[in-house]
Structure formats: structure tokens, C-alpha cells
2 protein chains.
Amino acid sequence: MTELKIQHILTLSYLLSKGAKYNYVSITTSSLGKNIKKSQQAASKHLLELEQNQFIERIISGRNISVKITSKGYSEMVKLSAILQKSLDSSPSHVELKGTLVSGMGEGAYYMGLKGYTKQFQSKIGYVPYPGTLNVRLDQKIHQEAIKQFETLNGVKINSFSDGKRTYGWVKCFNAKLNNSTNCELIILERTHHDDSIIELISKSCMRKTAKLKDGSKVSIKIPINS
Amino acid sequence: MTELKIQHILTLSYLLSKGAKYNYVSITTSSLGKNIKKSQQAASKHLLELEQNQFIERIISGRNISVKITSKGYSEMVKLSAILQKSLDSSPSHVELKGTLVSGMGEGAYYMGLKGYTKQFQSKIGYVPYPGTLNVRLDQKIHQEAIKQFETLNGVKINSFSDGKRTYGWVKCFNAKLNNSTNCELIILERTHHDDSIIELISKSCMRKTAKLKDGSKVSIKIPINS
DNA sequence: ATTACTACGTCTCGAGTAA
DNA sequence: TTTACTCGAGACGTAGTAA
């Protein structure tokens with residue numbers, strides 16, 4: 001049994017949309033050509049080949065050509081569409097980052113402890129974070145690159161605020177799971193104070209204790225993507 | 001902007017199924033080749049071209065290659081999948097037959113009037129047909145061919161029966177609309193007594209009267225397909 | 001083992017054109 | 001107008017092979 005050639009799927013798709021599943025529909029090769037963005041000659045060849053391989057049936061009366069898709073042709077299209085559909089759906093909806101626990105400068109703890117932030121944390125993520133952020137260095141390039149997409153993804157937005165002297169930038173939170181067990185939030189800062197390879201996490205309790213971590217521990221962070 | 005080449009969709013589909021929408025996933029060109037049923041070399045070329053046209057991003061560290069689909073690549077796949085999906089869904093779910101009203105031999109009327117049939121008609125299609133079938137000759141080849149598929153489609157099945165002397169074959173009924181207005185049933189007989197170009201219709205009342213028809217009238221019959 | 005180059009063969013397309 | 005042929009150009013895939 002001959003396989004459906006990949007370049008024929010647009011032709012079959014067009015025929016299908018014209019109702020060629022149950023009825024013989026009359027078409028011209030030039031109109032088909034336009035629709036699949038190929039020449040009239042290519043369209044003609046497509047029909048010929050599809051007929052030869054029994055994906056379609058043709059009835060020719062004079063200049064008029066009528067085409068119907070066979071059940072074999074239809075099921076091939078269903079199969080292909082299902083493959084695409086499945087691959088689009090099944091794409092795992094989380095990002096996994098791996099890295100090493102490092103010491104921060106205490107800056108994160110200072111900023112995140114400001115009232116302008118803690119009030120919003122309480123209402124938007126449901127808790128006031130333990131004072132102190134967990135800094136993780138992403139050792140591999142693939143994780144350093146993967147983190148960049150969070151700039152464009154939508155998380156829980158903690159708005160910027162001002163205390164009269166200066167303004168503090170916004171913070172985006174993404175729910176995450178540390179080492180498959182500890183719930184926490186990955187935070188993306190408007191004004192970051194370190195390079196792309198360091199990420200910061202906050203949590204309700206002290207993660208160094210609950211997850212039994214110390215500097216140099218290898219950690220995994222999984223962030224579900226909900227879109 | 002370069003278009004996504006049709007031969008690359010299987011590669012993108014495979015990457016997607018490996019989770020390459022959000023994460024960089026590491027793959028080998030030979031495993032990709034196997035999955036898309038092409039050689040390792042072809043797979044390598046595919047990745048190179050996809051990267052060139054910004055459908056994917058690659059990170060190469062030594063022998064290891066990691067790939068992530070770009071948003072451009074993802075949306076192209078969504079687009080294509082939608083086109084296929086739509087063409088599969090939107091296929092008109094009815095068959096239209098056109099033909100000319102002709103006189104039957106009265107045989108249809110005789111058989112369909114037998115109690116073994118009429119009892120089943122009453123319970124399965126909700127009425128006892130007007131005694132007499134409407135015979136329509138399908139003038140065009142495309143309609144003569146289209147009628148053949150009803151052999152394999154499932155309609156309302158009127159079972160065969162025996163009166164002791166002989167058995168009478170089964171009858172399949174398909175709800176139909178005559179000239180867009182009169183409800184009737186297309187009947188497919190196990191033992192037909194005429195050639196493929198003649199179809200028979202039954203209805204509750206006399207269609208020649210209700211639809212104002214006489215021999216030679218051109219008629220249209222639309223049969224919804226429910227599958 | 002890996003990726004990806006060159007070389008070559010085959011497939012696909014489109015221009016020209018016949019019927 | 002149609003469809004579909006021939007044929008040349010270029011796209012695509014694979015074998016062999018280097019790194």
C-alpha cells in the first residue's frame with residue numbers, strides 16, 4: 001500500500017472543504033493549483049497520482065472533471081490531522097529548569113520584604129513569603145535560554161509602587177515546584193540585579209529547611225504553563 | 001517571511017510531541033530520521049532549514065543538540081492543523097442527487113405494501129408509506145456513482161422476512177428531502193430489480209401530488225449523512 | 001557513538017504546448 | 001477555455017564520509 005505523499009495533503013484538504021467526501025465535486029486543475037499555491041500542471045499531476053494510489057476517484061466527462069475522496073483517502077487525512085492535533089495538545093505544559101543552589105546577597109530578601117510587595121503577595125498568591133529568596137544558578141545553556149520565555153509569559157503580576165523616595169519595579173510570579181515536592185513561586189523582576197543565569201524563588205516557609213538544601217545542592221524546578 | 005515547507009511538518013510535529021514548545025529538548029538526528037521515516041542526513045537538513053527560517057532554535061553543546069520551537073514555528077503548526085481540522089469538519093454532511101422522474105413497474109408499490117414491511121416501517125420510520133414508490137433516474141454519472149456509497153452507509157434497517165413461500169430481502173432507509181421541501185426516504189433494496197441509475201423514494205403521502213411532479217420532472221434529492 | 005558535508009540520483013515543479 | 005503531455009531546472013533525499 002502506497003503512502004500518502006505529504007505534498008498532497010493540501011490538495012486533499014481543499015477537496016474535502018469542497019465537500020468531496022460524499023459527493024463528486026467538479027473542479028478545474030487551475031483553480032486547484034491556485035488554492036494549493038502550485039501551478040495548474042502540478043495540480044493536474046497531484047490528482048493523477050492521488051487517483052493512481054486510490055486516495056480519490058475521478059469521473060471525467062469531456063472537459064469536466066469530478067472528484068470524490070475515497071474512504072482510504074479520508075482516513076489518511078483523519079490520521080494525519082490526528083497526529084498534528086495530538087502533538088499540539090500533548091505538548092507537556094510545564095518547563096523544567098535545573099540548577100545549583102547559590103547564596104544571594106540578601107537583596108532579594110530586602111526588597112521582597114517591603115510592605116508594598118508583601119501586601120500584594122498576600123492577596124495575589126495567598127501568602128507573605130518567608131523573608132529571603134532562594135537563588136538558583138542555571139548551569140546549562142538550555143535552561144538559561146528556557147528561562148527567557150518567562151519575560152513574555154503572563155504570570156501573577158505584582159505591581160510596581162513608590163515609597164515617595166523611589167519606585168520599585170513590578171514582579172511576575174509563576175507557580176513552581178521545587179524538587180517535585182515544595183510549592184514555591186518563580187519570580188521575574190522588572191529590574192533584575194543579576195545576570196540571566198540566576199533565578200529567584202520565594203515560598204511560604206524556608207525552603208532551605210523544608211527541602212533540606214544547602215549551597216551547591218542540585219535542584220529541579222518545574223513550572224506549569226497554563227495557556 | 002519564508003513559508004513553512006510542507007515536508008517539515010512531521011519534524012515539527014515530532015519535536016512538539018517531545019515537549020519542544022517550552023523546553024529545549026535534546027534529540028539526535030538519527031532518532032528524528034527514524035521518526036519521520038527519512039535518513040539521518042535528511043533529518044539533519046530539516047533541522048538546519050527550520051533553524052534558518054526561525055521555526056526552531058538550536059543549542060549545540062559538543063555532540064548534543066537541543067531544540068526548541070519558536071512561537072513562529074508553533075503558530076504555523078497551529079495554523080496548518082486548523083486548516084486540516086476545518087476541512088475535515090466542514091465537509092457538507094449531505095449528498096445531493098439530481099435526476100428525472102420516471103414511471104416504475106408498480107413492483108415497488110407491491111413489495112413495500114407487504115405487511116412484513118409496513119409493520120417495520122411504522123415502528124422504524126414512523127409511518128406507513130403511501131403505496132407506490134417514486135422512481136428517479138440519475139442522469140449524470142457523478143450521481144450514479146454517488147449513490148453507490150449508500151450500500152456501505154448505515155441507514156434504518158428494515159429486516160428481511162419470510163411469508164412461508166419465499167423470503168423478502170432487507171431494505172435500508174435514508175431520510176431525504178425532495179426538492180428541498182418534501183420529506184421522504186431513499187430506499188436501498190437488498191434485491192434490486194433495476195439498474196444502478198434508478199433510485200426509489202417512499203413517503204407518507206403521494207409525492208407526485210404534494211411536490212407537483214410528473215414523469216420527466218427534474219428533481220433534487222438531498223440526503224443528510226449522520227456520521 | 002554523534003553532526004553535517006559533498007556528490008549524486010530521484011522527485012517535484014513549472015514552461016511550453018498539444019489536443 | 002479545458003487537461004495533461006514532455007522536458008529542463010531545481011528541490012529533496014540518501015550514501016559515503018569527515019570531524
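Above: the structure in question.
Note that the structure is a prediction, hence the values are computed from the model and not measured.

Visitor: Got a minute to help me understand the interface of chain A and chain B in this structure?
Guide: Where interface size is given, it is often the accessible area lost as the parts come together that is meant. The interface is formed by 40 residues belonging to chain A together with 40 residues belonging to chain B. For the pair chain A and chain B, the two sides together bury roughly 3500 Å², of which 65% comes from carbon and sulfur. For the chain A face of the interface with chain B, the top three residues by lost area are A:Tyr22, A:Leu84 and A:Leu88, together amounting to 20%. Counting the contacts that link chain A with chain B gives zero salt bridges. Summed over the shared surface of chain A and chain B, the result is 10 residue pairs in polar contact (both at pLDDT 80 or more). Those elements that place two or more of their residues in the side of chain A that touches chain B are helix H1 (9-17), strand S3 (64-69), helix H4 (71-89), strand S4 (94-102) and helix H7 (141-148) of chain A.

Visitor: Help me understand the relation of the copies chain A and chain B in this model?
Guide: Superposition of the two copies of the chain requires a rotation about an axis and a shift along the axis. Mapping chain A onto chain B calls for a screw motion: a turn of 180° about the axis and a shift of 0.0 Å along it, with 0.1 Å RMSD after fitting. The superposition of one copy onto the other is thereby described by a two-fold rotation axis. The residues that chain A uses at the interface reappear at the interface of chain B in 100% of cases, marking a shared surface.

Visitor: When you look at the side chain of B:Thr70 in this model, what are you seeing that I'm missing?
Guide: Residue and element names in this part refer to chain B. Structurally, the position occupied by Thr 70 is in the loop between strand S3 (64-69) and helix H4 (71-89). Given a relative accessible area of 11%, Thr 70 falls into the buried group. A distance of 2.8 Å separates a polar side-chain atom of Thr 70 from the backbone oxygen of Gln 54. Discounting residues that sit within four places of it in the chain, Thr 70 has contacts with Gln 54, Phe 55, Ile 56 and Glu 57.

Visitor: I would appreciate a short explanation of the packing of H1(A) against H4(B) in the present structure.
Guide: The relative placement of two packed helices comes down to the angle between their axes together with the axis-to-axis distance. Two elements in contact, H1(A) and H4(B), have axes separated by 8 Å at closest approach and are oriented at 40°. Taken together, H1(A) and H4(B) sit at an angle that is classed as oblique. Classified by chirality, the crossing of H4(B) by H1(A) is left-handed. Judged by residue contacts, A:Leu10, A:Ser13, A:Leu16 and A:Ser17 of H1(A) engage B:Leu80, B:Ile83, B:Leu84, B:Ser87 and B:Leu88 from H4(B). Taken together, the residues of the contact of H1(A) with H4(B) break down into six nonpolar, three polar and no charged.

Visitor: Any chance you could explain the packing of helix H1 (residues 9-17) of chain B against helix H3 (residues 40-52) of chain B here in plain terms?
Guide: All names here are of chain B. One can describe the packing of H1 onto H3 by two numbers: an axis separation of 10 Å at closest approach and a directional angle of 85°. Classified by the angle their axes make, H1 and H3 are roughly perpendicular. Of H3, the residues touching H1 (which contributes Thr 11, Leu 12 and Leu 15) are His 46, Leu 47 and Leu 50. The residue makeup of the contact of H1 with H3, split by class, is four nonpolar, two polar and no charged.

Visitor: Teacher, can you tell me more about the protein's contact with DNA strand D here?
Guide: Around DNA strand D sit 19 residues, and of these A:Thr29, A:Gln40, B:Lys5, B:Gln7 and B:Ser39 come closest. Backbone atoms, meaning sugar plus phosphate, form 54% of the atoms of DNA strand D positioned within 4 Å of the protein. Side-chain polar atom of A:Thr29 to a phosphate oxygen of DNA strand D: 2.6 Å apart, as the coordinates give it. Contact distances for DNA strand D include 3.1 Å between a phosphate oxygen and a side-chain N or O atom of A:Arg58.

Visitor: How should I be thinking about the protein's contact with DNA strand C in this particular structure?
Guide: Around DNA strand C, 20 residues are found, and the nearest of them are A:Gln7, A:Ser39, A:Gln41, B:Thr29 and B:Gln40. Sugar and phosphate atoms represent 51% of those atoms of DNA strand C found within 4 Å of the protein. The contact in question runs from a base nitrogen of DNA strand C to an N or O atom on the side chain of A:Gln41, over 2.8 Å. Contacts to DNA strand C include B:Thr29, whose side-chain N or O atom sits 2.5 Å from a phosphate oxygen. Those elements giving two or more residues to the surface near DNA strand C turn out to be helix H3 (40-52) of chain A together with helix H2 (29-35), H3 and strand S2 (56-61) of chain B. Taken together, the residues that form the surface near DNA strand C break down as five nonpolar, 10 polar and five charged.

Visitor: What's the story with the pattern of salt bridges in this structure? I'm lost.
Guide: A side chain of one charge can pair with a side chain of the opposite charge if their charged atoms are brought near each other. Residue and element names in this part refer to chain A. What the rule picks out here adds up to 14 salt bridges over all chains. Where Glu 51 meets Arg 58, a salt bridge forms, and the shortest distance between an N and an O atom there is 2.9 Å. Accessibility expressed as a relative area gives 28% for Glu 51, which makes it partly exposed. Across the pair Asp 139 and Lys 218 runs a salt bridge, and its minimum N-O distance is 3.8 Å. Within this pair, whereas Asp 139 is found in the loop between strand S5 (134-137) and H7, its partner Lys 218 is found in strand S12 (residues 218-224), the two being separated by 79 residues in sequence. With a relative accessible area of 37%, Asp 139 lands in the partly exposed category. For Lys 218, a relative accessible area of 63% corresponds to the exposed category. Each of Arg 137, Asp 139 and Lys 218 takes part in a single network of salt bridges with overlapping partners.

What counts and what doesn't
Each chain carries its own residue numbering, running from 1 in the written order of its sequence. Chains carry letters and ligands carry numbers; both start at the beginning, A for chains and 1 for ligands, and go up in the order they are written. The predicted nature of this model means local features are confined to residues of pLDDT at least 70 and side-chain atom pairs, given and counted, to a pLDDT of 80 or more, with totals for whole chains, interfaces and linings taken over all residues. As a rule here, side-chain values come from all non-hydrogen atoms in the structure, and water together with hydrogens is ignored. Throughout, a residue-residue contact means that at least one pair of heavy atoms, one from each residue, lies within 4.5 Å. Here the quantity called buried area is the total loss of accessible area, with a 1.4 Å probe, experienced by two parts when brought into contact, counted for both. A pair is scored as a salt bridge if a Lys or Arg side-chain nitrogen falls within 4 Å of a carboxyl oxygen belonging to Asp or Glu. We define a polar contact as two N or O atoms separated by no more than 3.5 Å, with the added condition that, inside protein, one atom must be a possible hydrogen donor and the other a possible acceptor, whereas residues neighbouring each other in sequence contribute only through side-chain atom pairs. The secondary structure listing takes helices from DSSP runs of H or I that are at least 4 residues long and strands from runs of E that are at least 2 residues long, numbered from the N terminus. Our superposition of the copies is a least-squares fit, built on the C-alpha atoms of residues whose pLDDT is at least 70 in both. Residue exposure (1.4 Å probe, protein chains only): buried if accessible area is under 20% of the type maximum, exposed if over 50%, otherwise partly exposed. Axis definition: a line fitted to C-alpha atoms, limited for helices to the stretch in contact. Angles are taken between N-to-C directions and run from 0 to 180 degrees. Here the angle decides the label: under 35 degrees means roughly parallel, over 145 means roughly antiparallel, 65 to 115 means roughly perpendicular, and every other value means oblique. Crossings are sorted by hand: turned counterclockwise from the far helix by less than a right angle, the near helix makes the crossing left-handed, and turned clockwise it makes it right-handed. Three classes are used: nonpolar for Ala, Val, Leu, Ile, Met, Phe, Trp, Tyr, Cys and Pro, charged for Asp, Glu, Lys and Arg, and polar for all others, with Gly counted as polar. Being near a molecule or strand, for a residue, comes down to having at least one heavy atom within 4 Å of it.

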